[in-house]
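Tertiary structure, described
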Amino acid sequence: MTGTTSARVCSDQRAVASGAGEITRALRLARRGLSLAALLLCLFASSAALHALDPAKRIDQYGHDVWTPQHGLPGEAVYQTLQSRDGYLWLRTSGGLVRFDGVRFTSMDSVMGSEPVRALTMGADGDLLIRTTARTVVYRNGVFVDYHPPAALPDGDVGAIFETRQHDLLIGADDFVYSQDAAHGLRLVQRGTAGVSGFLQDERGKVWVGGATELFSYHAGMLTDELKLTLKAPISAMTEDREHRMWVGTSGGLFRLERAADGSHPQMEPVFPHEITGLINAITEDRDGNLWIATAKAGIFRMRGDSLSSFGAINSLTDNRALTVFEDREGSLWVGTSGGLDRFRDARGRTYTTLEGLPADATKSAVTGQDGSIYVFCDSGGLGRIKDGVVTSYKDIKGLTVFFGSSMYVDPAGTLWLGTVGGLTRLKDGKFTVYNKNELYARRFISAISSDDEGLILTTSDSIAYRFKEGRIEPLTIRGQATPLSTRGNYTFTIYRDPAGTLWFGTVDGLFHFGPGLSPADSRMKGIKFPVTTISGDGRGSLWLGGRTPGLIRYRISDGRVTHYKKADGLFDSYPSRILFDGRGDLWISTPSGIYQANRQDLDDFADGRVATVRTVVYGIDDGMKTSEASSPGSQPGGARGLDGKLWFTTPKGIVMIDPENLAHNQLVPPVVIENVVVDGTNMPANADLEIPPGRDKIEFHYTGLSLRVPDRVRFKYQLEGYDHQWVDAGSRRVGYYNNLPPGRYRFHVIASNDDGVWNDTGASIGFRLKPHFYQTGWFRGLTTLLLVMCAIGGHRLNTRLFRRRAAELRRLVEERTAELRESQRHLEQVAFLDSLTTLPNRRMFTQEFRKLLAISRRRRASFSLLMIDLDRFKPINDTMGHDAGDTLLVEAASRLKDAVRVSDCVARLGGDEFAILLAEEPDQISIDQICERIVRNFDPGVPYEGGELKTTPSIGIAVFPEHGESQEALCKSADMALYDAKRAGGNGWRWYRPERAEMSAPVR
């Protein structure tokens, strides 16, 4: 029996469709002795449920994840999918019974024994019931127990299992229906059912049994014939929707069961008989009333009223043979097929592609029309228009034969202008006009379009700004005056017209502005000295710029103040493609690596020095994008804000819409489970009475957080009470490691957050005792102490006279030798381990420290970083000014390197002007970038020497263990490669190791 046919039995598996049902279930759980925390969790679920899959979206617009045997799925076909109330997903697959936490698949064959699992269902109390050949097993609170004494069917094979709300357990077989209870064991209810595939208990309590040729009802231990199937199509799935209509899936399609008011036999009415054909394996209704149908040859269908849509292998479903469909408590839909497991979830973004009607997937630029339409230019495809979710495609614009566009613009009159390679196109009053007669169009493309009070302005690939008027084109003038952009030489990427009428040009040479009362000759803004590729005004007196410089730039118009935000300050990516603003003033920025939201208050506070970092939230493929890469800023504008506040960003795989005011938020607190404890490689049960034998020095705690929506974003913190003084931030890691703990009692505590940062602060915990060796016990220490005291007394008496005799002589010798030894030791340490010039560790000591750090990191599964440093232009200084000058510079360089890092970091001189730094405290990339920035900054002032100044700068290469190398030789080589990249870039900076450049030869330093 499929999980959907029993969906009415357990209201929590219907994902809190009815709050009253959830409260009733929670009270039942409380009566069964569950904890108050479990009761509150059930009650909370009814009030904090997510929306189901948005029916306004096409199925391909949902987030879609796939698992197959290549992704670790045990088995290939997934026959049933259910979710237990502790949050695990349970799969009956061709490989057996499987438990899934969103990240890890765990085969339960060892728990179930040698018997194959034949059917799953949710019991009347919300427990998972599992039927093997002879056993009926209940899973409750992480424990498997026999629900009834084991008993194999006398005849036939198990096809379905079901528990009524009255706790009658029914088992459907090839041609039989059996019941089972603890008192009477197995009892034959009826033979001749010709293969039972499903059970259903409706809202009125009636139990329906689907056979091959008849529909039965069950009551008081007997079956009653309700309906003979005239279609001779065996029933394969059943469900009841929120309107209490029954839906029946057969081998001949989908039917609605019409129950007669006079109590006569019901009738089967076909539904979408031409669209939904063949065998139906499962039916379920999601919490928003959409009906989902799993078919044997066409994938899945979604039905809402008279609307029907489908999704199959051609759309990337793992297989057209869909076997089961199930909605979890977070609103995600799970589909099991003969080829694997699919999951659909509502995403924060919505992507429009050719499937929705766009002329091509590669979207380049977007603007908002005066009627609220979003116009999208699709590279090599043409123009698209999105209005109220409906897409109109303009593929054939008469006279325009080239569909490679660069710019779009809507003028104050509402006219749409489109610049392409080979022409300028106008859309006005529904009619297209193409201007391509001028020779200039044939040779160039239009990079940006805007307008002022004098008319339309174009910039082109020949790096000139033009005025377009009545079909004529001539170099740009402002009030009759030429501008710095009117002659060739300065390429324009973008033009922004602010509400005051000022035009802002983003160019290769920086930022220019032209406005009322401003002289065109003085148009260049002196504070911006980088190529500006995107400009956005915030309506609060500032421009936000992106370009060919790392980070985000805020330019305050009133005083020209420039604030530079970088990745080290909290930004997600360094190169914005488009910047838009939501209704709260927060910034939404598309980049080559995703779209991120930056908190406006943080940005303002950072500019005023009140905070050191900016909070950002990243959106990518997990949030409904087909690709995280934004379109190149070479096509403008790369996004638009609709009149309704929705934000649109172009990408190479469609245009992404985000509605900042209606972002789905996962409020469900994730259950936290400690799954097992591994001690020196041996699994131990995760129970409260855990006793660990003495001498076991490697303990691992394997835990999970059961939020399945975006499991990669689930975060964990843990603490070993009695050992850790504070919480350990484990990120997404689901294992906690401890080595060499002293004997004693401890409690391991772990908490988790879901994908939206909602934390389960209660979490899960487990106490354990690490037993001591006999020599670590109190009695042994006491006995040892007593013996030592007695020996000390006797030895003291025996040797007192000898000690007194030699005391004076030894005192004299000690004083003499101590002074000599101290001097010798200091000299030997300097010779053996310290560089004689800089007093830094030398290459020998560096190698020893490297090996120690390598061993520790391997044992703890930790990472560390290596910085290789070379002084730029050192050799010319040493050759021209002499070795004394070079030595002075090396000593000062050593001092400045030590000042830039922590005391715990190892700074060494390897020889000549080569230095190395080991960063052992697992800093993240942002922290390492900050350290490198301090190093570079420390070298900014020159070194005084003989009335002059010696000037050098550092080039730094960065490599991380174990990502860039797992041995000293490999890691040093990777760091050297990165150092060479820094040298090639002109020095005075740092570079991270990039494997794709590993084959390039090193330059001469």
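Described in the following lines is the structure provided in the data block.

Criteria and cut-off values
Residues numbered from 1 in each chain as written. Predicted model: local features only at pLDDT ≥ 70, side-chain atom pairs only at ≥ 80, totals over all residues. Heavy atoms only, no water. Pairing = 2+ DSSP bridges. Helix = DSSP H or I, 4+ residues; strand = E, 2+ residues; numbered from the N terminus. Axes fitted to C-alpha atoms, helices over the stretch in contact; angles between N-to-C directions. Buried < 20%, exposed > 50% of the residue type's maximum accessible area, 1.4 Å probe, protein only. Arc of directions from axis to C-beta. Contact = heavy atoms within 4.5 Å. Phe/Tyr/Trp six-rings, centres within 6.5 Å; stacked < 30°, edge-to-face > 60°. Salt bridge = Lys/Arg side-chain N within 4 Å of Asp/Glu carboxyl O. Core = buried A, V, L, I, M, F, W, Y, C linked by side-chain atoms within 4.5 Å.

Judged by pairing direction, the sheet is antiparallel, and its four strands sit side by side in the order S22-S23-S24-S25 without closing on themselves. At either end of the open sheet lies a strand with only one pairing partner, and these are strand S22 (280-285) and strand S25 (307-311). The sheet shows a mean angle of 20 degrees between the axes of neighbouring strands, taken without regard to direction. Pairing analysis gives four bridges linking strand S23 (residues 291-295) to strand S24 (residues 300-304), with the strands arranged antiparallel. In the strand pairing of S24, Ala294 is matched with Ile300.

Moving on: the sheet that holds strand S8 (residues 136-140). Across the sheet, which stays open at both edges, the four strands sit in the order S6-S7-S8-S9 with antiparallel pairing between neighbours. The open sheet terminates on both sides in strands that have one partner only, identified here as strand S6 (117-122) and strand S9 (143-148). When strand polarity is set aside, the average angle formed by the axes of neighbouring strands in this sheet is 30 degrees. Pairing analysis gives five bridges linking S6 to strand S7 (residues 128-132), with the strands arranged antiparallel. Bridging from a neighbouring strand, Ala119 pairs with Arg131 of S7.

For helix H8 (residues 874-881), every residue scored as buried is listed here: Phe874, Ile877 and Asn878. The buried residues of H8 occupy one face: seen down the axis, they fall within an arc of 95 degrees. For H8, the exposed residues lying more than 90 degrees away from the buried face are Lys875 and Thr880. Lining the buried residues of H8 we find strand S67 (864-872), helix H9 (883-900) and strand S71 (948-950). Residue Gly882 follows H8 closely and has a positive phi angle near 100 degrees.

Taken as a whole, this structure holds 37 aromatic pairs when the rule is applied. Residues Tyr718 and Tyr738 carry aromatic rings whose centres are separated by 6.1 Å and whose planes lie at 70 degrees to one another, so their mutual orientation is edge-to-face. Here Tyr738 lies in strand S64 (residues 735-739) and Tyr718 lies in strand S62 (residues 715-721), a separation of 20 residues in the sequence. We note that Tyr718, like Tyr738, is buried. When the ring of Tyr723 is compared with that of Tyr738, the centres are 5.8 Å apart and the planes differ by 85 degrees; the resulting orientation is edge-to-face. On the criterion of sequence distance, the pair formed by Tyr723 in the loop between S62 and strand S63 (728-731) and Tyr738 in strand S64 is long-range, its members being 15 residues apart. Overall, Tyr723 belongs to the partly exposed group, its relative accessible area being 37%. Taken together through their ring pairs, the aromatic side chains of Phe701, Tyr703, Phe716, Tyr718, Tyr723, Tyr738, Tyr746, Phe748 and Phe768 make up a single cluster.

Turning to the pattern of salt bridges, a few remarks are in order. By the definition in use, this model includes 52 salt bridges. Among the ionic pairs, Asp604 bridges to Arg554, the shortest N-O distance being 2.9 Å. Of the two residues, Asp604 is situated in helix H5 (residues 600-607) and Arg554 in strand S49 (residues 549-556); the sequence distance between them amounts to 50 residues. A single network of salt bridges, built from pairs that share partners, joins Arg99, Asp101, Arg104, Glu675 and Arg734.

Nonpolar side chains in soluble globular proteins generally cluster together in the buried interior. With 31 residues, the main nonpolar core has Leu867, Leu897, Phe915, Ile917, Ile935 and Ile956 as its most contacted residues. Breaking this core down by element, the ones donating at least two residues are S67, H8, H9, strand S69 (914-919), helix H10 (925-938), strand S70 (943-945) and strand S72 (953-961). Here this core takes seven residues from H9, the largest share from any one element. Excluding anything up to four places from it in sequence, Ile956 contacts Leu867, Met868, Ile869, Cys932, Ile935, Val936, Ala978, Leu979, Ala982, Gly989, Trp990 and Arg991. The next biggest cluster of nonpolar side chains, apart from the first, holds 26 residues, and it includes Trp90, Leu91, Met122 and Leu706.

Turning to the environment of Met112, a few remarks are in order. Among the structural elements, Met112 can be located in helix H3 (residues 109-112). In this structure Met112 comes out as buried when scored by relative accessible area, which is 4%. The sequence separation of Met112 and Val137 amounts to 25 residues, and the corresponding C-alpha distance is 8.6 Å. When neighbours within four sequence positions are excluded, Met112 is seen to be in contact with Leu97, Val117, Ile130, Thr132, Arg135, Val137 and Phe144.

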